[in-house]
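# Analysis of the macromolecular model
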Amino acid sequence: NAGVMQNPRHLVRRRGQEARLRCSPMKGHSHVYWYRQLPEEGLKFMVYLQKENIIDESGMPKERFSAEFPKEGPSILRIQQVVRGDSAAYFCASSPEEGYTFGSGTRLTVV
Amino acid sequence: RKEVEQDPGPFNVPEGATVAFNCTYSNSASQSFFWYRQDCRKEPKLLMSVYSSGNEDGRFTAQLNRASQYISLLIRDSKLSDSATYLCVVPRGSGYSTLTFGKGTMLLVSP
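These remarks concern the structure in this document.

Calculation criteria
Residue positions are counted from 1 within each chain, in the order its sequence is given. Chains and ligands are labelled by the order in which they are written, letters from A for the one and numbers from 1 for the other. This being a predicted model, a pLDDT of at least 70 is required before a residue's local features are given, and a value of 80 or more before pairs of side-chain atoms are given or counted; all residues contribute to the totals for chains, interfaces and linings. The side-chain values count all of the structure's non-hydrogen atoms but skip hydrogen atoms and water molecules. Helix and strand definitions here come from DSSP, where helices need a minimum of 4 consecutive H or I residues and strands a minimum of 2 consecutive E residues; each element is numbered from the N-terminal end. Two things to know: the radius of gyration comes from C-alpha atoms, and the globule rule equals 2.2 Å times the number of residues to the power 0.38. What makes two residues a contact is simply this: any of their non-hydrogen atoms within 4.5 Å. Where accessible areas are quoted, they stem from the Shrake-Rupley method and a 1.4 Å probe; at the residue level, only the protein chains shown are allowed to cover. The convention is simple: Lys and Arg are positive, Asp and Glu are negative, and His and the chain ends are not counted. Note that the charge is assigned to NZ on lysines, CZ on arginines, CG on aspartates and CD on glutamates. Buried area: the accessible area, evaluated with a 1.4 Å probe, that two parts lose upon being put together, summed over both parts. Salt bridge, as used here: a side-chain nitrogen of Lys or Arg that lies within 4 Å of a carboxyl oxygen of Asp or Glu. Think of a polar contact as two N or O atoms within 3.5 Å of one another; within protein, one of them needs to be a possible hydrogen donor and the other a possible acceptor, and neighboring residues in sequence only count if both atoms come from side chains. Think of it in three bands: with a 1.4 Å probe and only protein chains considered, a residue is buried below 20% of the maximum accessible area for its type, exposed above 50%, and partly exposed in between. At least two DSSP bridges between two strands are needed for those strands to be called paired.

Scanning chain B from N- to C-terminus turns up 0 helices and 11 strands. Sequence-ordered secondary structure for chain B, helices as α and strands as β, is β-β-β-β-β-β-β-β-β-β-β. In terms of overall size, chain B behaves like a compact globule, its C-alpha atoms giving a radius of gyration of 13 Å where 111 residues would be expected to give roughly 13 Å. Of the contacts made within chain B by residues no fewer than 6 positions apart, 54% connect residues no fewer than 24 positions apart. Approximately 5400 Å² of chain B is accessible, and the part contributed by carbon and sulfur atoms is 49%. Positive and negative charge centroids in chain B, built from 12 and 10 side chains respectively, lie 5 Å apart.

Right under this line is the structure:
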């Protein structure tokens, strides 16, 4: 029973490039949550999605960031034109009734 | 008051010691609360859920004081493997689907 799968584990991008982070929830879970953890900071909510729907994106930066969870395939968090300040660990979680199971995260480094 | 506030520590304790962490929160509508554990450069993992007055699981006891908007985590008979950062987590609204994480309290247990 695989857990929440995220890939890649590590991603290096040059300033101005695009970053795509993927997340497959646990089997049977249809809710996906993305959180970002900046160095020395707590996790910050970004977006909550169900299949083909964005439920809550109140934590997403207004520009350059987007997320989707298509009917088939993983959820994608896309960051366009990355800047150094986007360097962080991005965690995806899926949820049964309560309590999250997190994936191992993607560590994005912008150089 | 900040949404979720924790003493960052670190708490340095010897094996076998009892240690307590405190957390205050601002969302008076929250009904359930969580303690997560995060090891260095790893994903957070759910340690305990906290409802009504509190919860106990082996060496770990969580207490909730709604009037003071205060949560605590007590660890008895500390083990070396308890060394980690402990995150206090509060729902962002009256439900629990999206969460606010504290910055965490670091615990270091030494031989």
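What follows covers the interface of chain A and chain B. By convention, interface size is frequently given as the accessible area that disappears when the constituent parts associate. Taken together, the contacts link 19 residues of chain A with 18 residues of chain B. Across the chain A/chain B interface, buried area totals approximately 1600 Å², and carbon plus sulfur atoms make up 50% of it. Counting the contacts that link chain A with chain B gives 2 salt bridges. Our count for the contact surface shared by chain A and chain B stands at 6 residue pairs in polar contact (both at pLDDT 80 or more).

On to the pairing of strand E9 (residues 88–94) of chain A, then. Residue and element names in this part refer to chain A. Among the 7 residues of E9, 7 are classified as buried, and the element is accordingly described as predominantly covered. Of the two faces of E9, the one holding Ala88, Tyr90, Cys92 and Ser94 and the one holding Ala89, Phe91 and Ala93 are both buried throughout. Here strand E4 (residues 31–37) pairs with E9 via 6 bridges, running antiparallel. By the bridge assignment, tyrosine 33 is partnered in E9 with alanine 93. Pairing between E9 and strand E11 (residues 106–110): 3 bridges, direction antiparallel. For tyrosine 90, the partnering residue across the bridge sits in E11 and is threonine 106. Bridge analysis of E9 against strand E10 (residues 101–102) gives 2 bridges, and the strand direction is antiparallel. If you follow serine 94 over to E10, its bridge partner there is threonine 101.

This is a description of form; function is not addressed.
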